[in-house]
Amino acid sequence: MLGSNRAAALLTRALQSQQRHLNVHEYVGKDLMKKYGVDHQRGAVVTEVSQIASVFENTPTDLCVVKAQILAGGRGKGVFNTGFKGGVKLAKTAAEAEGYAKEMLGNILVTKQNGAGQPVNQLFVAECLDIQKEYYFAMMLQGAFGGPVMLGSHRGGMDIETVAKENPEDIHTQPIDIKTGLTQEMALAFATKIGFEGEYVAPAADAMIKLYKTMTECDGTMIEINPLAETPDGRVVCIDAKFNFDDSAGERQAKLFALRDTTQEDEKEVQAEKYGLNYIALDGNIACLVNGAGLAMATMDIIHQNGGEPANFLDVGGGATKEAVTAAFKIITSDPKVTGILVNIFGGIMRCDTIANGIVAAAKEVDIKVPVVCRLAGTNQELGQKILKDSGLDEKLIAAADLDDAARKITKLCPKE
């Protein structure tokens, strides 16, 4: 097993690096757990207030829990755009549940993890269980192990990143050999390691084994259960669940990927994907348009070194068309934080003249109002530079001799506020 500090660092990095994987709502994870026989909190998804009464009546407990479905943590402490507090509520009656549903559905829930918030279009109305002890449990793929690893702690039901920071010794890890899988012996040992005792060890290990099967058969990259709870009647129940899946498995897991909820994602990232662009929004003011992930990272670094802040990661790849480049400009200029754009192209497969034509078309179609510093090098470099020079857009399109020159010019034109 890893040392406690390394385990905590691993957990923090993993939880912060899932944005490029398919993320699904809690109720989808619960459906998967039902399919694979994992004991979980039972409930039903609703999209309208009128559905609440029927679901409440069929809930197997006297009380129910109304959970807003968004792809972010911290729902319970979140605040809606209307001022209503809390995205997870306990209801004693159907009328009370309906009241909570009216406050949640159609509104924006803001948590510490989702910035400006996300729309609540669905609720998961679930049974209210008597929980006597809570644990944290997760499985994820990690390159450091060449495969899957389990993480667990007796400190469940709370912000695990806080645990990682303040009590790293309480987070335990166990790599899994992908060839042998998760054995009964290993699962029992890990359940004991994180604090399960007596009659709860066996059902905890059973849940771990079934969750591992779920992850491997569904091309999962992470399953996070927080809390994994003990109940007085001897059950070990998955109360809340977060599932991520490998983007590369879209064809093999077509039914699962059809459940993707793009309303929860950055609209600019969704649009970029349609054109084969790799785009991730950041917090700065200088937009980047680059070909190649490595060059994109280097471009963001040199902006930082010159005192600027990148507004995005955008890799147009090697086969982008003029239309895709135009779309890229529309996407990055739709961000109100952007005060300038740095284009850094090293032409190989991606020709400089294609990029130049896209830049000119975008500048005319979008009416770009911010300075654009362009560094073009490689295939058809001279032709690309000529296209920019002959465009009549000299005031908007600024040529740069090299990347250092480009970074200096754009950060001078667009200082960080």
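All of the points below concern the structure found in this document. Residue indices follow the written sequence of each chain, beginning from 1 at its first position. Thresholds applied to this predicted model are a pLDDT of at least 70 for local features of residues and 80 or more for the giving and counting of side-chain atom pairs; totals over whole chains, interfaces and linings are not thresholded and use all residues. In computing side-chain properties, one takes all heavy atoms of the structure into account and sets aside hydrogens as well as water.

## Topic: the nonpolar core
- Residues M139, F196, M208, L211 and F245 are the most contacted members of the largest nonpolar core, which totals 40 residues.
- Counting from the N terminus, the helices are the DSSP runs of H or I reaching at least four residues and the strands are the DSSP runs of E reaching at least two. Considering each element in turn, this core owes the most residues, seven residues, to helix α7 (residues 201-217).
- Whether two residues are in contact is decided by their heavy atoms, any of which lying within 4.5 Å being enough. If we skip the residues at most four places from it in the chain, F196 touches Y135, A191, V201, A204, L228, E230 and V236. The definition of a nonpolar core used throughout is a set of buried Ala, Val, Leu, Ile, Met, Phe, Trp, Tyr and Cys residues joined through side-chain atoms within 4.5 Å. The buried label goes to any residue with under 20% of its type's maximum accessible area, the exposed label to any with over 50%, and the partly exposed label to all in between, with areas taken from a 1.4 Å probe on protein chains only.

## With respect to the sheet that holds strand β6 (residues 108-110)
- Pairing in this open sheet of three strands is antiparallel, and the strands run β4-β6-β7 from one edge to the other. The open sheet has two edge strands with one neighbour each: β4 (79-80) and β7 (118-119). Strand pairing is assigned whenever DSSP identifies at least 2 bridges connecting the two strands.

## Focus on the pattern of salt bridges
- One side-chain nitrogen of Lys or Arg within 4 Å of one carboxyl oxygen of Asp or Glu is enough to make a salt bridge. Scanning all chains against the criterion turns up 19 salt bridges.
- Between R260 and E265 there is a salt bridge, with the nearest N and O atoms lying 2.7 Å from each other.

## Here's the deal with the sheet that holds strand β5 (residues 88-91)
- Taking strand neighbours across the sheet as the criterion, the four strands line up as β2-β8-β3-β5 in an open arrangement whose pairing is antiparallel. For this open sheet the edge positions go to β2 (43-46) and β5, each flanked by a neighbour on one side alone. On average, adjacent strands in this sheet sit at an angle of 20 degrees to one another, irrespective of strand direction.
- With four bridges joining them, strand β3 (residues 64-68) and β5 adopt antiparallel strand pairing. Across the sheet, residue K67 finds its bridge partner in β5, namely V88.
- Only the stretch in contact is used when fitting a helix axis, every axis being a line fitted to C-alpha atoms; angles between N-to-C directions are given from 0 to 180 degrees. Along the sheet, helix α2 (residues 26-35) makes contact with β2, β3 and β8 (123-127), crossing β8 at roughly 45 degrees.
- Where helix α4 (residues 94-104) meets the sheet, its contacts fall on β3, β5 and β8, and the angle it forms with β5 comes to roughly 160 degrees.

Take it as geometry only, folks, not as evidence of what the structure does.
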